[in-house]
Amino acid sequence: MRELQLSEFPLPRKSPSVSTWWLLLVALIALRFLPSDREEEGPLKLRYEVAIAVGLGALFALLASAWFSRFHLTGPTISSDFYDFCSSVAHWRNENWREYSQDRSYLAGWLPGILSTRVGVVEGLAWSAALSAAGIGIGLYTWARALHSRLAGAYTLLFALAIGPVVVLSRTLTFYPQYVACFCLSAGLCTLAVRYRNWWT
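The present account deals with the structure reproduced in this document. Numbering of residues begins from 1 in every chain and follows the order in which that chain's sequence is written. Predicted model: local features are reported for residues with pLDDT of at least 70 only, side-chain atom pairs are reported and counted for 80 or more only, and whole-chain, interface and lining totals are derived from all residues. Only hydrogens and water are set aside; all other atoms, that is, all heavy atoms of the structure, feed into the side-chain values.

Notes on helix 4 (residues 110–119)
Part 1 of the reasoning: Each residue is assigned to one of three classes by its accessible area relative to the maximum for its type, calculated with a 1.4 Å probe on protein chains only: buried under 20%, partly exposed between the two thresholds, exposed over 50%. Labels follow the DSSP assignment, with helices taken as runs of H or I lasting at least four residues and strands as runs of E lasting at least two, numbered in each case from the N terminus. Within helix 4, burial applies to Leu111, Pro112, Gly113 and Ser116.
Part 2 of the reasoning: Close packing links the buried residues of helix 4 with helix 3 (82–93), helix 5 (121–147) and helix 8 (176–195).
Part 3 of the reasoning: Just downstream of helix 4 lies glycine 120, where phi reads positive at about 105 degrees. Every residue pair with non-hydrogen atoms within 4.5 Å of one another is taken to be in contact.

Here it is as structure tokens:
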């Protein structure tokens, strides 16, 4: 069989057409005219914003775990190193810190460890993944809300439901959903603190 040479596949020499440049220019100008609510420019109404963020985060977790994850998984859940995570949660529940896996974070094991005392080890991992998905939703909404508006936050959650790895986290029996939730919440809260500077930020 003849070996193909890279020279047989020359790169296109054609420069982008004028219509492509016009399309990019119009798209950049359109960004300036994204809808914004004048009321959102005032001081932050904390209770109102928290209620919206928690509500949309819970809806995001529900849709991700109950509906959208079915498009990406062949089974009910997904996991890597399942035994290691289960044993870590079991040792956390029994406060057996010597046997707790040194490869796993104690803080990430807190939520499934607390839940496992009520519902069991595997169910604790499952419920913590669902709650972490809500945390991811809250973080993503807060991030987009701080950068633009409530509408941008809602659209961000809608678009995030189309991203397979984000949706699958709601059914992942590991500590990774907790990690991602912490990262999203940190990014959202930091962005919120930069935009709305007051005594509590």
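Here the narrative resumes.
Structural notes on the side chain of serine 170
Part 1 of the reasoning: With respect to the helices and strands, the residue serine 170 is situated in the loop between helix 7 (164–168) and helix 8.
Part 2 of the reasoning: Only 2.7 Å separates the side chain of serine 170 from the backbone oxygen of valine 167, close enough to count as a polar contact.
Part 3 of the reasoning: Ignoring sequence-local partners within four residues, the contact set of serine 170 consists of Ala64, Ser65, Ser69, Ala129, Ala130 and Ala133. In protein, a polar contact requires one atom able to donate a hydrogen and another able to accept it; more generally it is a pair of N or O atoms within 3.5 Å, and residues adjacent in sequence count only if both atoms are side-chain atoms.

Some points on the layout of surface pockets
Part 1 of the reasoning: Every definition here rests on a 1 Å grid over the protein atoms only: cavities are sets of points where a 1.4 Å probe fits but cannot get out, pockets are open sets enclosed by protein on both sides within 12 Å along at least five of seven lines, and lining residues have some atom within 4 Å of a point. Grid points are joined across faces, edges and corners, and a volume is the space filled by probe spheres set on the points. Of the voids in this model, the largest pocket is the one considered here, and its volume is about 240 Å³.
Part 2 of the reasoning: Leu107, Ala108, Leu111, Gln178 and Cys182 are, among the 13 residues lining the largest pocket, the residues nearest its centre.
Part 3 of the reasoning: Taken together, the elements giving at least two residues each to the lining of the largest pocket come down to helix 4, helix 5 and helix 8.
Part 4 of the reasoning: Counting residues per element, the lining of the largest pocket draws most heavily on helix 8, at five residues.
Part 5 of the reasoning: The calculated volume of the second largest pocket comes to roughly 200 Å³.
Part 6 of the reasoning: Lining the second largest pocket are Leu44, Leu46, Glu49, Val50, Ala53, Ile138, Tyr141, Thr142, Arg145, Leu185, Leu189 and Leu192.

Quick word on the packing of helix 4 against helix 5
Part 1 of the reasoning: It is at 7 Å that the axes of helix 4 and helix 5 come closest, and there the two elements cross at 130 degrees. With respect to helix 5, the element helix 4 is oriented oblique. Between helix 4 and helix 5 the crossing geometry is right-handed. Together, Leu111, Pro112, Leu115, Ser116 and Val119 of helix 4 and Val121, Glu123, Gly124, Leu125, Trp127, Ser128, Leu131 and Ser132 of helix 5 make up the contact between the two elements. Working convention: axes come from line fits to C-alpha atoms, limited for helices to the stretch in contact. Angles between N-to-C directions cover 0 to 180 degrees. Oblique is the label for any angle not under 35 degrees, not over 145, and not in the 65 to 115 range, which are roughly parallel, roughly antiparallel and roughly perpendicular in turn. Here is the rule for handedness: rotate from the far helix to the near one, and if that takes an anticlockwise turn smaller than a right angle the crossing is left-handed, while a clockwise turn gives right-handed.

Looking at unusual backbone geometry
The phi torsion of most residues other than glycine is negative, and most of the peptide bonds are trans.
Part 1 of the reasoning: Non-glycine residue aspartate 81 carries a positive phi angle of around 50 degrees.
Part 2 of the reasoning: A relative accessible area of 48% means that aspartate 81 is categorised as partly exposed.
Part 3 of the reasoning: With a phi angle near 55 degrees, glutamate 95 is a residue other than glycine that sits in the positive phi range.
Part 4 of the reasoning: Note on placement: glutamate 95 falls in the loop between helix 3 and helix 4.
Part 5 of the reasoning: Taking relative accessible area as the criterion, glutamate 95 reaches 58% and is therefore assigned exposed.

Structural notes on the pattern of salt bridges
Part 1 of the reasoning: Every case where a carboxyl oxygen of Asp or Glu lies within 4 Å of a side-chain nitrogen of Lys or Arg is listed as a salt bridge. Tallied over the entire structure, the rule returns four salt bridges.
Part 2 of the reasoning: Residue glutamate 49 pairs with arginine 150 through a salt bridge whose shortest N-O separation is 2.8 Å. Of this pair, glutamate 49 sits in helix 2 (residues 46–66) while arginine 150 sits in helix 6 (residues 150–160), placing them 101 residues apart in sequence.
Part 3 of the reasoning: Take glutamate 49: its relative accessible area is 7%, and that puts it in the buried class.
Part 4 of the reasoning: On the basis of relative accessibility, which here comes to 19%, the residue arginine 150 falls in the buried class.
Part 5 of the reasoning: As a salt-bridge pair, arginine 104 and aspartate 81 come within 3.2 Å of each other at their nearest N and O atoms. With arginine 104 in the loop between helix 3 and helix 4 and aspartate 81 in the loop between helix 2 and helix 3, the pair connects residues that are 23 residues apart, well separated along the chain.

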